[in-house]
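Close look at the chain arrangement
For reference, the chains in residue letters:
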Amino acid sequence: MADKKVYIGTGRRKSSIAQVRMTPGSGKITVNGIDVNEYFPYETNVMDLKQPLVATSTDGMFDIEVKANGGGFTGQTGAIRLGIARALLAYDENNDPNSETSYRKILKRAGFITRDSRSKERKKPGLKAARRAPQFSKR
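Everything in this summary refers to the structure shown in the same document. (Residues numbered from 1 in each chain as written. Predicted model: local features only at pLDDT ≥ 70, side-chain atom pairs only at ≥ 80, totals over all residues. Heavy atoms only, no water.)

**Points about the sheet that holds strand β2 (residues 16-24)**
Overall, mixed pairing links the five strands, which are arranged β1-β2-β5-β3-β4 in an open sheet. Across the chains shown, the open sheet's two edge strands, defined by having one partner strand only, are β1 (7-13) and β4 (34-35). One ladder, built from seven bridges, connects β1 with β2; its direction is antiparallel. Residue pairing for β2: G9 is matched across the bridge by V20. Helix α4 (residues 73-91) rests against β1, β2, β3 (29-31) and β5 (62-69) of the sheet, and its axis sits at about 150 degrees to β1. (Pairing = 2+ DSSP bridges. Helix = DSSP H or I, 4+ residues; strand = E, 2+ residues; numbered from the N terminus. Contact = heavy atoms within 4.5 Å. Axes fitted to C-alpha atoms, helices over the stretch in contact; angles between N-to-C directions.)

Below, the structure is given as structure tokens:
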């Protein structure tokens, strides 16, 4: 049996980290050993993580295995999306990055290569949350 080429991408979002392994296949996506539709409770999460595949017209071309940990469903979805985008860039590395059909140009224009650096703001002393102050009482 011939070894299939493996494309790897790592994505991060909030406190989530996702390690993505893409191999040419039928389009099956598993997250932590579970089918993606069973792992994520909302269909919008699944649609969100498939966006780089849809943008590059490669939906159904790769089997994707993901190891995701930390954070919640939304953070993990964003991390997986970035990991898939980076793995697609590894797959398309031999093409000219300046051509209109290059995955880099398509993914960059759609905003899938940029890491979303927003995370939870820390709690400050004397406050109930990051910016929430205790209730003020005049008397």
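**So, the pattern of salt bridges**
For the structure shown, the criterion picks out seven salt bridges. The closest approach of N and O atoms between D116 and R13, which form a salt bridge, is 3.4 Å. Taken together, the residues D116 in the segment after α5 (103-110) and R13 in strand β1 connect sequence positions 103 residues apart. Classification of R13 as buried rests on a relative accessible area of 12%. Its salt-bridge partner being D48, residue R81 comes within 2.9 Å of it at the nearest N-O pair. One end of the pair, R81, is in helix α4; the other, D48, is in helix α2 (residues 43-49), with 33 residues separating them in the sequence. The class of D48 is partly exposed, set by a relative accessible area of 24%. Each of the salt bridges in this network shares a partner with another, and the network as a whole consists of R13, D116 and R118. (Salt bridge = Lys/Arg side-chain N within 4 Å of Asp/Glu carboxyl O. Buried < 20%, exposed > 50% of the residue type's maximum accessible area, 1.4 Å probe, protein only.)

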